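One letter stands for each residue in the lines below.
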Amino acid sequence: MAEQIQWYPGHMAKAERQIKKEMSKADVVAVLGDARAVDISLNSDFIKGLGTKKNVVIYNKSSLADSRVTAAWKKHFTAENKDVFFSDCVTREGIKEIESYFGRIKSTFKFNRPIKVIVAGIPNVGKSMFINTLCARNSAKTGNTPGVTRGVNWIKGSENYYMLDTPGVLPPKFSTQEEGSLLASIGCVKEEILDKTALAVFIIDMVRKYYPDNLIGRYKIDLEGKSDVEVLDDICVKRGLLLSGGRLDYARGSKMILDEFKNGRMGKMSFSFPDEQ
Ligand SMILES: Nc1nc2c(ncn2[C@@H]2O[C@H](COP(=O)(O)OP(=O)(O)O)[C@@H](O)[C@H]2O)c(=O)[nH]1
Ligand SMILES: [Mg+2]
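Residues numbered from 1 in each chain as written. Chains lettered and ligands numbered in written order. Predicted model: local features only at pLDDT ≥ 70, side-chain atom pairs only at ≥ 80, totals over all residues.

Asks: Explanation requested: the pairing of strand β6 (residues 161-164) in the structure shown.
Replies: Across a regular strand the side chains alternate sides, sitting on one face of the sheet and then on the other. When strand β4 (residues 115-121) meets β6, the two strands line up parallel, connected through four bridges. Within the sheet, the bridge partner assigned to Ile115 lies in β6 and is Tyr161. Bridge count for strand β5 (residues 154-156) against β6 is three bridges, and the pairing is antiparallel. Within β6, the residue paired with Ile155 across the bridge is Met163. Connecting the antiparallel pair β5 and β6 is a turn made up of four residues. (Pairing = 2+ DSSP bridges. Helix = DSSP H or I, 4+ residues; strand = E, 2+ residues; numbered from the N terminus.)

Asks: What's the story with the environment of Ala198 in this structure? I'm lost.
Replies: Counting through the fold element by element, Ala198 comes out in helix α7 (residues 196-210). Expressed as a C-alpha distance, the spacing of Ala198 and Ser254, which sit 56 residues apart in the sequence, is 8.3 Å.

Asks: What should I look at first to understand the nonpolar core in this one?
Replies: Note on soluble globular proteins: their nonpolar side chains tend to be buried together. One finds Ala30, Val117, Val119, Leu183, Ala200, Ile203 and Ile204 to be the most contacted residues of the largest nonpolar core, which totals 65 residues. Counting residues domain by domain, this core receives three or more from each of domain 1 (10-164) and domain 2 (195-262). With residues near it in sequence (within four places) discarded, Ala200 still touches Leu232, Gly253, Ser254, Ile257 and Leu258. (Core = buried A, V, L, I, M, F, W, Y, C linked by C-beta atoms within 7 Å. Buried ≥ 20, exposed ≤ 12 C-beta atoms within 10 Å, placed from the backbone. Domains from an automatic or database assignment. Contact = placed C-beta atoms within 7 Å.)

Asks: I would appreciate a short explanation of the environment of Ile122 in the present structure.
Replies: Relative to the elements of secondary structure, Ile122 occurs in the loop between β4 and α5 (127-135). Each C-alpha atom of the pair Ile122 and Val169 lies 4.7 Å from the other, and the pair is 47 residues apart in sequence.

Asks: What should I look at first to understand the pairing of strand β1 (residues 28-34) in this one?
Replies: With seven of seven residues buried, β1 is to be regarded as a mostly interior element. Taken together, the seven bridges between β1 and strand β2 (residues 54-60) define a ladder with parallel strand orientation. Bridge pairing in β2 links Ala30 to Val56. Direction of pairing for β1 relative to β4: parallel, over a ladder of five bridges.

See below:
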């Protein structure tokens, strides 16, 4: 992308301080990521900062990910003997497994009270919805834009655990421009500060590389010999997104591509793969 994404607004630094304060009261940190971007969607600086605190990684939105890639990741994490789960709050995939995991780790603590699980992660991975799903009540506010969560409120889930929602925090720096763009594509960066057309072109480039049939099938277009921008043109034409004088409405076309991608309308896809073994 030509333009540098501004991903670290002031409220994130404040959120990070607030989380650190609450962290001392938690027994377990559940770090949520997005199953479509395993590893990349974790804030690794944040995880390093946890020190010896018990943590578990949960990749959410697994119903939007490529199940073959998820299976490969599961195999990878099992081999590494890591506490990593995949879940989906809409299909409830993996939810029971995580509930019983919390029950199991509760018994490893010396006290006899529910464990306190703080839920952290980058914006929009489904932290609030995850808590609502595990606590079976609508106490955590959700929304498909970053920065929806505010405040401190421990919620009782079962006899085994309490959960605390936290505002999403992105690392101050992305490892690469591609990783930043991927995270922006799955909705982790505030839309208002994105160059939507550049991001739509990035999405087209990425999807045609790994899942070309999803693009062809969804928009009934031909990719052969076309540049990414020409593909965007074709999509605008197919969807009738035109301005006066027949000019293409890139603003609406780009917004549509972002929304459809973010919400999984282009099919189940993953963009981070375990190394070949
Ligand atoms: N398909 C799917 N969508 C989800 C899932 N979890 C959350 N969402 C959606 O993702 C958006 C962000 O969820 P939210 O809980 O507010 O994310 P947070 O910013 O991490 O707290 C909302 O539109 C949710 O409906 C999931 O497991 N699967
Ligand atoms: Mg939230």
